[in-house]
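For reference, the chains in residue letters:
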Amino acid sequence: MSKITLGIIGGGQLGSMLAIAAKELGINTIVFCDDIDAPAQNFCNKFIHSSYGNNQSIIDFVNQVDIVTYEFENIPYETLNEINKLKVVLPKPSVNRLIQHRLAEKDFINKLNIRTTRYVSIKDKSEIEALDDFLPGILKTVTLGYDGKGQYPINNVNDLKKLNIDFSKKYILEKLVKLKKEISIIITRFDNFKYEIYEPIENTHQDQILKYSKIPAEINEKIFEQSKNWAIMIAEELKYVGTLCVEFFIDRNENLYVNEIAPRVHNSGHLTINAYNVSQFENHIRAVCRLEQVKLKKISNAKMVNLLGDQILPYREKENFGKNEFFFDYLKKEIKKNRKMGHLTTLV
Ligand code: ADP
Ligand code: MG
């Protein structure tokens, strides 16, 4: 059989790790990205640099691949949908459209009788007065947010009035959950009730950016089961193909809430590269390329730390890592404050 060529839209570290996993499975990758310095170009077979709106280069890209996947959410639905008319796009473009819209995403989750934070859509200044019920809260742009970008903490109605909100954009106001913990579930779905699921991962954020992940998560049995069941229900309802991450909040009364869904591989799952027989990246490639499903086996407990901004520098200098330590440098050209530059996984 001739080799499969997988197209990956987006060229960040997730794209790099997908390309590495694909290579090990004998699959060629072509990465399409609008950043000329995209780190994934160091790991894929071919790199196409172009804006996502350039139809001609999209067609050139699509002509060279068998299947298309993506490593980030913020791709216009129209683009993915047009590509899907020519080559299979997985996860399906409609799934991405649903999840890239915070309101549609939360409505979808609630319809499954799964708990989320309380939320309200805000389209206009006049709606702000009646929002006491949702405060303290966090105001978020409905689309295009990541790593806490486009989010404003709001303690009272006056805070809201003081903010100079650009109402050409739409917003969602979410009630603040008194957090005890955050966890995530990573699941790879192959077909109806055919999936591989990783155990819950415990996550610690700093300034709304993921800093630490670890397994096992220190949670009770009920939350362990409920988080897995909810992730399975979500993946089944979406008829999802590929790796998906569900982020959860646990409040001080041990209630579980879904925070959000990521229709892709996820930062909290980097530790699966070393802690499991099959990583979230390999599983994603296996599912979207319709390869064999391999039963997941945990190899070790693990913890991961994200190296943000210049925190990467001492690790680049370091010569000897422990046998249980795995350092990843994303090879980003420019160091910026809070930019994810690399990570270190330690098996424990
Ligand atoms: P992003 O798309 O940037 O990941 P999230 O909605 O996941 O946005 O928010 C990032 C982080 O901010 C969360 O992981 C959590 O730590 C905090 N956060 C967001 N919304 C809430 C909320 N309603 N209550 C408590 N903490 C929140
Ligand atoms: Mg998040």
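Owing to the predicted nature of the structure, the values given are computational and were not obtained by experimental measurement.

Draft legend 1. Structural detail: the nonpolar core. Grouped together as the largest cluster of nonpolar side chains are 41 residues, with contacts concentrated most on Leu6, Ile9, Phe61, Ile285 and Cys289. For this core, the elements supplying multiple residues, two or more each, are strand E1 (5-9), helix H1 (13-24), strand E2 (28-33), helix H2 (55-63), strand E4 (67-70), helix H3 (77-86) and helix H9 (280-288). Element by element, the count of residues in this core is highest for H1, at 6 residues. In this structure Phe61 touches Gly7, Ile8, Ile9, Ile30, Phe32, Ile48 and Val68, once residues within four positions along its chain are discounted. Core analysis: the second largest hydrophobic core is formed by 27 residues, Ile114, Ile183, Ala231 and Leu244 among them.

Draft legend 2. View of the pattern of salt bridges. Applying the stated rule across the entire model yields 16 salt bridges. Taking the shortest distance from any N to any O, the salt bridge between Arg264 and Glu73 comes out at 2.6 Å. Note that Arg264 is positioned in the loop between strand E15 (256-262) and helix H8 (272-275) and Glu73 in the loop between E4 and H3, a separation of 191 residues in sequence. Residue class for Arg264 comes out buried when judged on its relative accessible area of 14%.

Draft legend 3. Summary view of the coordination of the magnesium ion (ligand 2). At the metal site, the magnesium ion (ligand 2) is ligated by Glu247 (OE) and Glu260 (OE), and these contacts range over 2.0 to 2.3 Å. Note that Glu247 is positioned in strand E14 (residues 242-251) and Glu260 in strand E15, a separation of 13 residues in sequence.

Draft legend 4. The sheet that holds strand E3 (residues 46-49), seen in detail. Sheet architecture is open: 5 strands sit in the order E3-E2-E1-E4-E5, paired in parallel fashion. A strand with exactly one partner marks an edge of an open sheet, and here the two such strands are E3 and strand E5 (88-89). Looking at chain direction, E1 and E2 are connected through 5 bridges and run parallel. Bridge assignment links Ile8 to a residue of E2, and that residue is Val31. Sitting on the sheet, H2 touches E1, E2, E3 and E4, and the angle it makes with E2 is about 170 degrees.

So, how was this worked out
Residues numbered from 1 in each chain as written. Chains lettered and ligands numbered in written order. Predicted model: local features only at pLDDT ≥ 70, side-chain atom pairs only at ≥ 80, totals over all residues. Heavy atoms only, no water. Core = buried A, V, L, I, M, F, W, Y, C linked by side-chain atoms within 4.5 Å. Buried < 20%, exposed > 50% of the residue type's maximum accessible area, 1.4 Å probe, protein only. Helix = DSSP H or I, 4+ residues; strand = E, 2+ residues; numbered from the N terminus. Contact = heavy atoms within 4.5 Å. Salt bridge = Lys/Arg side-chain N within 4 Å of Asp/Glu carboxyl O. Donors = N, O, S within 2.8 Å, 3.2 Å for Na, K, Ca; no water. Pairing = 2+ DSSP bridges. Axes fitted to C-alpha atoms, helices over the stretch in contact; angles between N-to-C directions.

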